[in-house]
Amino acid sequence: MSTATQRLQRYLTDELEDCRPEDVEDRMEELDTLEAVLSADRISADLDVLAALANETRYKLVRLLVAADGELCVCELNAMVDASESAISHALSNLTDAGLVTRRKDGRWRKYRASNVAVSLLTLLDGVATDE
């Protein structure tokens, strides 16, 4: 029996007061199912989103796009964020790759919109800030 299984058995004994081998097996199966949230693809995608937000310029752009509740052009974003148009375009490209914004071409202009993921994340962050 592995050390982790022995610790789990001690834990279940404390919790259930009487731990049978079947209880440990059942709990191990439940934990195996739960472990699926740790898939490499899921973790990588989550870290890409968090890394995209971990930059002041990118975070400001997401905040603005969520607040706009519609599309904004790079030139409009440039008027509100203190960064070069090139830096803003690069940041928007990173945010698009992370799935936080969508873009579409309208003639010679590119228009950006916050994705549902971005809206959900900022709504959550706003809720955390008001809970303090």
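Residues numbered from 1 in each chain as written. Predicted model: local features only at pLDDT ≥ 70, side-chain atom pairs only at ≥ 80, totals over all residues. Heavy atoms only, no water.

A.B. asks: Explain the environment of Val 81 here, please?
C.D. replies: Among the secondary structure elements, Val 81 is positioned in the loop between α5 (74-80) and α6 (85-97). By relative accessible area, which is 5% here, Val 81 ends up buried. When neighbours within four sequence positions are excluded, Val 81 is seen to be in contact with Thr 57, Lys 60, Leu 61, Leu 64 and Ile 88. (Helix = DSSP H or I, 4+ residues; strand = E, 2+ residues; numbered from the N terminus. Buried < 20%, exposed > 50% of the residue type's maximum accessible area, 1.4 Å probe, protein only. Contact = heavy atoms within 4.5 Å.)

A.B. asks: Could you clarify how one ought to interpret a nonpolar patch on the surface in this entry?
C.D. replies: There is a patch of nonpolar side chains on the surface, built from Val 37, Leu 38, Ile 43, Leu 47 and Leu 50 and spanning about 470 Å² of accessible area. By the secondary structure assignment, Leu 47 is in helix α3 (residues 40-53). (Patch = residues over 30% accessible without salt bridge, like charges linked within 9 Å, V, L, I, M, F, W, Y side chains within 5 Å. Areas by Shrake-Rupley, 256 points an atom, 1.4 Å probe, with all protein chains shown as cover. Salt bridge = Lys/Arg side-chain N within 4 Å of Asp/Glu carboxyl O.)

A.B. asks: Hey, could you run me through the nonpolar core in this one?
C.D. replies: Most often, soluble globular proteins have nonpolar side chains that are buried together. Ranked by internal contacts, the top residues of the largest apolar core, which has 21 residues, are Leu 61, Leu 65, Leu 92, Leu 95 and Leu 100. Secondary-structure elements contributing two or more residues to this core are α3, α4 (56-68), α5, α6, β3 (109-114) and α7 (116-131). For this core, the leading source of residues is α6, giving four residues. Setting aside chain neighbours within four positions, we find Leu 65 in contact with Gly 70, Leu 72, Leu 77, Leu 92, Val 101, Tyr 112, Arg 113 and Ala 114. (Core = buried A, V, L, I, M, F, W, Y, C linked by side-chain atoms within 4.5 Å.)

A.B. asks: Please clarify how the sheet that holds strand β2 (residues 101-106) should be interpreted in this entry.
C.D. replies: Hydrogen bonds along the backbone pair up the strands of a sheet, which may run parallel or antiparallel. Spatial strand order, β1-β3-β2: three strands in an open sheet with antiparallel pairing. Each end of this open sheet is capped by a strand with a single partner; those strands are β1 (72-73) and β2. Strands in contact with α4 are β1, β2 and β3; relative to β3, the strand with the most contacts, it is inclined by about 80°. Contacts between α6 and the sheet are confined to β2 and β3, with β2 contributing the most and set at about 120° to the helix. (Pairing = 2+ DSSP bridges. Axes fitted to C-alpha atoms, helices over the stretch in contact; angles between N-to-C directions.)

A.B. asks: What is the right way to look at a negative patch on the surface in this model?
C.D. replies: Together, Glu 25, Asp 26, Glu 29, Asp 32 and Glu 35 give the surface a local cluster of negative charge. Checked against the element boundaries, Glu 25 lands in helix α2 (residues 21-34). (Lys, Arg positive; Asp, Glu negative; His and termini not counted. Charge placed at Lys NZ, Arg CZ, Asp CG, Glu CD.)

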